[in-house]
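Notes for the structure review
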Amino acid sequence: MNKYIELAKQAIEEYVKSGKVILVPTGLPQEFHSRQAGVFVTIRKGRELRGCIGTYLSTKENIAKEIIDNAISACSRDNRFYPIGKEELPGLNYEVSILSKPSPVKNIKTLDAGKNGIIVKCDDGRCGLLLPDLPGVDTVDQQIFIACQKGGINPAADGYELYSFTVEKHS
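Criteria and thresholds
- Residues numbered from 1 in each chain as written.
- Predicted model: local features only at pLDDT ≥ 70, side-chain atom pairs only at ≥ 80, totals over all residues.
- Heavy atoms only, no water.
- Axes fitted to C-alpha atoms, helices over the stretch in contact; angles between N-to-C directions.
- Helix = DSSP H or I, 4+ residues; strand = E, 2+ residues; numbered from the N terminus.
- Parallel < 35°, antiparallel > 145°, perpendicular 65-115°, else oblique.
- Left-handed = near helix turned anticlockwise from the far one by under 90°.
- Contact = heavy atoms within 4.5 Å.
- Nonpolar A, V, L, I, M, F, W, Y, C, P; charged D, E, K, R; others polar.
- Expected span 1.5 Å × (residues − 1).

A short note on the packing of helix α1 (residues 3-18) against helix α3 (residues 63-76)
Two numbers describe how α1 lies on α3: the axes approach to 8 Å, and their chain directions differ by 50°. Taken together, the axes of α1 and α3 are oblique relative to one another. Handedness of the α1/α3 crossing: right-handed. Residues Y4, L7, A8, A11, I12, Y15 and V16 of α1 lie in contact with α3, whose contacting residues are I63, A64, I67, I68, A71, I72, C75 and S76. When its residues are assigned to classes, the contact of α1 with α3 shows 14 nonpolar, one polar and no charged.

Structure below.
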């Protein structure tokens, strides 16, 4: 198991069992302490999504803290699911996605739904995000449609800006 997954798993298991947030463990590679990036933590039970929460820009001082915070949110605050219980822990799989800095999209034809995640943003603050390479999402048009739905954005009536990013996926 790689260090990204180990950290997410440790954070989730401690939080589910005790309600406590772990400290950043010692012995992590230097990049965990020095790098800042948006991070998404995805939890699956078998093939079924069980939680997915993240940030597209860094909100913490390093990715170790970003992973811990988003792992806890994914297991306990994803409003699509009930919080994860102790009995579920042995059957869970984790994925940690480290996001590149989003950049404005000038031409959607340059995007690839398997490689680029997208963010749809309105001036009034509404925003929807979709990670790349999701099962059943094969086109950029599908990505935009789903991201708009997630953000409560009507693509036909609301003006929006489109941003893209790539991910470094750990599973």
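So much for the structure itself; the text now carries on.
With respect to unusual backbone geometry
Non-glycine residue D133 carries a positive phi angle of around 60°. By secondary structure assignment, the location of D133 is in the loop between β6 (127-130) and α4 (140-151).

Description of α4
The terminal C-alpha atoms of α4 lie 16 Å apart, and with 12 residues this matches the ideal 16 Å at 1.5 Å per residue to within 8%. Residues of α4 that are buried sit in contact with β5 (117-121), β6 and β7 (161-165). G152 lies just past α4 and shows a positive phi near 65°.

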